[in-house]
Amino acid sequence: SHLLRRFSCFAAQRTHFASFFMSEQIAKQPKMSDTTDTTTNTIGTHNGMFHCDEAFACYLLKKLPQYQDADIIRTRDADLLGKCNIVVDVGGVFDPTKLRFDHHQREFSHTMNSLDETKKWTTKLSSGGLVYFHFGREIIKAVCGSDDATTEILFDQMYENFVEEIDGVDNGVSQYEGQPLYRVGSTIGSRIHRLNPTWIEEVTDNDRDAKFREAMALVGKEFEEVLMFYHTSWLPARDHVIKAVKTRKEIDESGEIMLMDCPCPWKAHLFTIEKELSTEEEEINIKYALFTDTRGAWRVMAVPIAPSSFTSRRSLPKEWCGFRDEELSKLSGIDGCIFVHASGFIGGNNTYEGALKMAQQSLKM
C-alpha cells in the first residue's frame, strides 16, 4: 500500500531523521505576514518564571528559517517587546497579522475549533498552541516530507497527543472532574517547571535565560520523539488495522474478534476505523484482538473502551484472572494457556488456536 511504501522509506532513514530533527532547520519558507521584519530577528517572550507553553512556542519558532538564528528577548518592557519581530505569551495581544501571540487577555477564548471549525478540540489555546496552529503544518511537512493529507493527519495527532496537554495545563483546564486517585508528576510541564531556579538559589537573568534554553531543548526533543513515533510507527499501522477489521468474520462469525498480522499499535486506530467501516445495518464493535508477542507466543487482548482507558469493552472471564499455565488450562478447558492478567485485560496461549478459543469462550461467559 501507499502507506507501507512510505513507511519502508522512512524507517530506513530513521537515523537520518533523528539527526535532522535536532540539528537541521526547515528548508521551506512558511506562510508569513507581510509585516514581518526579518532584519530584526528577535523573538520576544516574558522574563521571570517560565512555563512549558512559551518554551514550546520559542522552540517551534526556532525551527523556522527566518527565526533559526533569532535572539530570544525575555522581558516585560513594552518598548523592547515592540521592537521584536515576533512576540509570544506576553504583551496582551493576539494578532497573527502582526505576529503577536499572547493568550492572557480577558477577552481571549480561542481554541483549535474557534480558529478552524473543522477541528474538534475546544481547550483554550496557550501561546504554544497558537504558534503550533499557525506554523505546525509547515514544520511537520518539511521535517517528514509528507504530502498535505498525511501532514494534516500528523498535525491532528500531535495536537491531541502532545500540544493540547500544554494548552490545558497552562490555562488551568482540568483534565477530568473530581479528585485524581494519584498524581502524575512526570509530565512535560512538570519537568519544565522544575528547571526554573529554586527560591533558595541566587541567580542572575543570564542564569534564568540559560535554564529557559534548557526548557526549550527538553520540550523540543520530546515533541520530535512523539512526531517520529506517529510518522514512522503509528501511521503505517493503519493499513494493518483496516485489514484486521475487514477480515474479522473470517476469524470468528461473531465479527467481534480480529487477528492482527503484526504487533503494531492497533488501539490508536481501531476506534476511528470502526466508525469509518460501520454501516446502518451493522455497527462494528470488536471485543478482542489476537496477535503474537516478541517470543512468538499468542496474546488475546480485550479492546478498551477508549485508546488510553484501562476499562475493557469485555474483559476476559473473571474466573480465569490471575491463573497461569496448567492450572489455567484445566480451569478453562483450553490447552496451552500461559496466563490471564489479574485485571482480565490480556491473556496468553502457546498457539493461535488456543488464543482464539480463549477469545471465543470469553464471548460466551
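A brief report on the enclosed structure follows. Model, not experiment: these values are computed from the prediction.

1. Thoughts on the sheet that holds strand S7 (residues 288–292)
Thinking step 1. If you walk across this open sheet you meet the five strands as S6-S7-S8-S10-S9, and the pairing is mixed. Two strands in the sheet have a free side with no partner beyond their single neighbour: strand S6 (257–259) and strand S9 (337–340). Ignoring strand direction, the axes of neighbouring strands in this sheet form an average angle of 20°.
Thinking step 2. Here S9 runs beside strand S10 (residues 346–349); their pairing, made up of three bridges, is antiparallel. Paired with cysteine 337 across the bridge in S10 is asparagine 349.

2. A few points about the nonpolar core
Thinking step 1. Grouped together as the largest cluster of nonpolar side chains are 50 residues, with contacts concentrated most on Phe56, Leu61, Phe101, Tyr132, Val219 and Phe223.
Thinking step 2. Mapped by element, the contributors of at least two residues to this core are helix H3 (52–62), strand S3 (86–88), helix H6 (127–144), helix H7 (148–170), helix H8 (188–194) and helix H9 (205–246).
Thinking step 3. Residues within four places of phenylalanine 56 in sequence aside, it is in contact with Gly128, Tyr132, Phe162, Val163, Ile166, Val219 and Phe223.
Thinking step 4. Ranked by size, the runner-up nonpolar core spans 21 residues in total, among them Ala244, Met258, Cys264 and Ala289.

3. Description of the packing of H3 against H6
Thinking step 1. Contact geometry of H3 with H6 gives a least axis separation of 9 Å together with a crossing angle of 25°. Judged by the angle between their axes, H3 and H6 are roughly parallel. In the crossing of H3 with H6, the sense of the turn from one axis to the other is left-handed. Of H6, the residues touching H3 (which contributes Asp53, Glu54, Phe56, Ala57, Leu60 and Leu61) are Ser127, Gly128, Val131, Tyr132, Phe135 and Ile139.

4. Points about the side chain of threonine 123
Thinking step 1. Along the chain, the position of threonine 123 falls in the loop between helix H5 (112–115) and H6.
Thinking step 2. A polar atom in the side chain of threonine 123 sits 2.7 Å from the side chain of glutamate 164.

5. Focus on unusual backbone geometry
Thinking step 1. The backbone of aspartate 89 shows a phi angle near 65°, a positive value even though the residue is not glycine.
Thinking step 2. Mapped onto the elements, aspartate 89 comes out in the loop between S3 and strand S4 (94–95).
Thinking step 3. Of note, the phi angle at aspartate 325 is positive, near 50°, even though the residue is not glycine.
Thinking step 4. Structurally, aspartate 325 is set in helix H12 (residues 325–332).

6. Here we look at the pattern of salt bridges
Thinking step 1. Taken as a whole and assessed by the stated rule, the structure comprises 19 salt bridges.
Thinking step 2. Residue arginine 137 is joined to aspartate 116 by a salt bridge in which the shortest nitrogen-to-oxygen separation is 3.8 Å. Note that arginine 137 is positioned in helix H6 and aspartate 116 in the loop between H5 and H6, a separation of 21 residues in sequence.
Thinking step 3. Residues participating in the shared-partner salt-bridge network are Asp116, Lys119, Arg137, Glu152 and Asp156.

7. Thoughts on the pairing of S10
Thinking step 1. With burial as the criterion, each face of S10 is covered, one bearing Ile346 and Gly348 and the other bearing Gly347 and Asn349.
Thinking step 2. Strand direction decides the pairing type here: strand S8 (residues 298–302) and S10, joined by four bridges, are antiparallel. In the strand pairing of S10, tryptophan 298 is matched with asparagine 349.
Thinking step 3. Where S9 folds back onto S10 in an antiparallel hairpin, the turn is made up of five residues, including glycine 344, whose phi is positive at roughly 80°.

Criteria and thresholds
Residues numbered from 1 in each chain as written. Predicted model: local features only at pLDDT ≥ 70, side-chain atom pairs only at ≥ 80, totals over all residues. Heavy atoms only, no water. Pairing = 2+ DSSP bridges. Helix = DSSP H or I, 4+ residues; strand = E, 2+ residues; numbered from the N terminus. Axes fitted to C-alpha atoms, helices over the stretch in contact; angles between N-to-C directions. Core = buried A, V, L, I, M, F, W, Y, C linked by side-chain atoms within 4.5 Å. Buried < 20%, exposed > 50% of the residue type's maximum accessible area, 1.4 Å probe, protein only. Contact = heavy atoms within 4.5 Å. Parallel < 35°, antiparallel > 145°, perpendicular 65-115°, else oblique. Left-handed = near helix turned anticlockwise from the far one by under 90°. Polar contact = N/O pair within 3.5 Å; in protein donor to acceptor, adjacent residues only side chain to side chain. Salt bridge = Lys/Arg side-chain N within 4 Å of Asp/Glu carboxyl O.

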